[in-house]
Structures are given as C-alpha cells and as structure tokens.
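# Report on the structure
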Amino acid sequence: MERIAIYPGSFDPVTNGHLDILERGLKLFDKIIVAILTNPQKKFLFTLEERIAMLEDSLKDFSNVEIDTFDGLTVDFAARCNAQGILRGLRAMSDFEYEFQMALMNRRLNREIQTVFLMTGLRWIYTSSSIIKQAAQFGGSIKGMVPNIVEIKIKDKYAQNG
Ligand code: PNS
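These notes cover the structure that comes with them. (Residues numbered from 1 in each chain as written. Predicted model: local features only at pLDDT ≥ 70, side-chain atom pairs only at ≥ 80, totals over all residues. Heavy atoms only, no water.)

The secondary structure content of the protein chain amounts to 6 helices and 5 strands. Across the protein chain, helices and strands are ordered from the amino to the carboxyl terminus as β-α-β-α-β-α-β-α-β-α-α. Overall, the C-alpha framework of the protein chain stretches about 45 × 30 × 30 Å when taken along its three principal axes. Relative to its full complement of 162 residues, the protein chain shows a buried share of 47%. When contacts within the protein chain are restricted to residue pairs at least 6 apart in sequence, long-range pairs at least 24 apart make up 78% of them. In the form shown here, the protein chain has an accessible surface area of approximately 9,400 Å², with 51% of it arising from carbon and sulfur atoms. For the protein chain, the distance from the average site of its 20 positive side-chain charges to the average site of its 20 negative ones is 4 Å. (Helix = DSSP H or I, 4+ residues; strand = E, 2+ residues; numbered from the N terminus. Buried < 20%, exposed > 50% of the residue type's maximum accessible area, 1.4 Å probe, protein only. Contact = heavy atoms within 4.5 Å. Areas by Shrake-Rupley, 256 points an atom, 1.4 Å probe, with all protein chains shown as cover. Lys, Arg positive; Asp, Glu negative; His and termini not counted. Charge placed at Lys NZ, Arg CZ, Asp CG, Glu CD.)

What follows is the structure in structure tokens.
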C-alpha cells in the first residue's frame, strides 16, 4: 500500500523549515501532497498563485511531492487524497498547544487519519513565516532562512507595498 501524507499549511511563504519537515517526512511516506490553504477570509501576504509558484520553484529537486490547494476541512482534503497521515512540524513548545488541539479535533472528525508530528532541525526551531516576514519588512536579512526565490519575492513585495 502506498503511504500518503498531506502537509497542510498557509505557506505564506514557504521557508527552509518547511523544506526540512518535508525531507524528513519523505523518509516515512511514499508521497507527500503539500496542501496550500486558500481560505479567502484569511489575510495572506502572498496571493495563492504566488505561494504556489514559490513552492514549485523550491520543490523542483524533490521527488514524490505534489502541490495542491484546499479550502474547508483538512481531514476532508486528506480523505480525498487517500492519505493516511497529516504531516505537521513542531518547533518550540509554543507550537504544542495549538497543534495538539488541532490534531485532536482532526482525529475526532476522521479517525482513519493520523497526525504525524516531526521535529524540525535545530536550525529552524525559532523560525516561522511570520517572524521572517517581520524581519524582511523592516529591512533585516533573511538569507539562509528561506529558499532564494522567496528571499527575492519578499523583498519585491515589501518594496511594492512601501
Ligand atoms: O501554516 P498554518 O497557517 O499553521 O496552517 C494551518 C492549517 C492550514 C493547517 C489549519 O488552519 C487548517 O487545517 N485549516 C483548515 C480547517 C481545519 O481543518 N481546521 C482544523 C480542524 S477544525
């Protein structure tokens, strides 16, 4: 049986921490579907098209990874993909409460699908899309924290937005 996981998130934008989790996840799953949340009510810095394009570029050397988009419940998307797992990364303890709540709710909603948490590499423990955007917004260097394409696109975005 093919082991499939979805890796859901906002990916606004994708970071090296996300890529680290994907690499680790690929050691456990035959295929991982990166599932980008489209939720129009949520305010993202990048449009859906921009988030997809950055992921496509960042994942061009990865095998067994697909990119898709979803709205609604994560477990419903996972079921549509015939996935057995939902992959999430854990960094510092501060992630735990939110992730724990979400994993338990997801399990209640669909008992066939298991959430699998992987620890990021130590280098990424304190990085997140939000903190990286904040640093970039005020001119801080984010080199080495995001794929090259993302570094360029964030700079462009804040230059456009003033
Ligand atoms: O990258 P993020 O923003 O931490 O990802 C959050 C995400 C997309 C995984 C979460 O918001 C989500 O699963 N949203 C879809 C709605 C859902 O299924 N929520 C959990 C159970 S109510």
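We now examine helix α2 (residues 48–58). Of all the residues in α2, the buried ones are R51, M54, L55 and S58. Buried positions in α2, seen along its axis, are confined to an arc of 100 degrees and lie on one side of it. Elements that come into contact with the buried residues of α2 comprise α1 (16–25), β2 (31–37), β3 (65–70) and α6 (148–161). (Arc of directions from axis to C-beta.)

We now examine a nonpolar patch on the surface. A cluster of nonpolar side chains, contributed by M93, F96, F100 and L104, occupies part of the molecular surface with about 420 Å² of accessible area. If you trace the backbone, F100 turns up in helix α4 (residues 96–109). (Patch = residues over 30% accessible without salt bridge, like charges linked within 9 Å, V, L, I, M, F, W, Y side chains within 5 Å. Salt bridge = Lys/Arg side-chain N within 4 Å of Asp/Glu carboxyl O.)

Our focus in this paragraph is unusual backbone geometry. Going from D12 to P13, the amide bond is cis rather than trans, its omega being 0 degrees. In this structure, F11 takes a positive phi of about 45 degrees despite not being glycine. In this fold, F11 is placed in the loop between β1 (4–9) and α1. Even without being a glycine, N64 presents a positive backbone phi close to 65 degrees. Note on placement: N64 falls in the loop between α2 and β3.

What follows covers α6. Look at α6: 20 Å from first C-alpha to last across 14 residues, which is about the 20 Å you get at 1.5 Å a residue. Residues V150, E151, I154, K157 and Y158 constitute the buried set of α6. Along α6, the residues classed as buried sweep out an arc of 130 degrees about the axis, all on the same side. Looking at α6, the residues exposed on the side facing more than 90 degrees away from the buried face are N148, K155, A159 and Q160. Among the structural elements, α2 and α5 (129–137) are those in contact with the buried residues of α6. (Expected span 1.5 Å × (residues − 1).)

All right, on to the pairing of strand β5 (residues 114–119) then. In terms of strand pairing, strand β4 (residues 85–90) meets β5 through 6 bridges, oriented parallel. For G89, the partnering residue across the bridge sits in β5 and is L118. Each parallel crossover has a hand, and the one from β4 via α4 to β5 is right-handed. (Pairing = 2+ DSSP bridges. Right-handed = clockwise from strand over helix to strand, strands pointing away.)

Below, the discussion takes up the site of the ligand. All residues adjacent to the ligand are G9, S10, L37, K42, G72, L73, T74, R88, Y98, M102, M105 and N106. With respect to the ligand, the side chain of K42 contributes an N or O atom lying 3.3 Å from an oxygen atom. A distance of 2.5 Å separates an oxygen atom of the ligand from a polar atom in the side chain of T74. Protein coverage of the free-state accessible area of the ligand, which is 550 Å², stands at 73%. The leading source of residues in the shell around the ligand is α4, at 4 residues. Here the shell around the ligand is composed, by residue class, of 5 nonpolar, 5 polar and 2 charged. (Near = heavy atom within 4 Å. Polar contact = N/O pair within 3.5 Å; in protein donor to acceptor, adjacent residues only side chain to side chain. Nonpolar A, V, L, I, M, F, W, Y, C, P; charged D, E, K, R; others polar.)

By size, the foremost hydrophobic cluster in this structure holds 26 residues, and its most contacted members are L22, L59 and I154. Elements with a minimum of two residues in this core: β1, α1, β2, α2, α5 and α6. With 14 residues, the next largest nonpolar core counts I33, L37, F44 and A83 among its residues. (Core = buried A, V, L, I, M, F, W, Y, C linked by side-chain atoms within 4.5 Å.)

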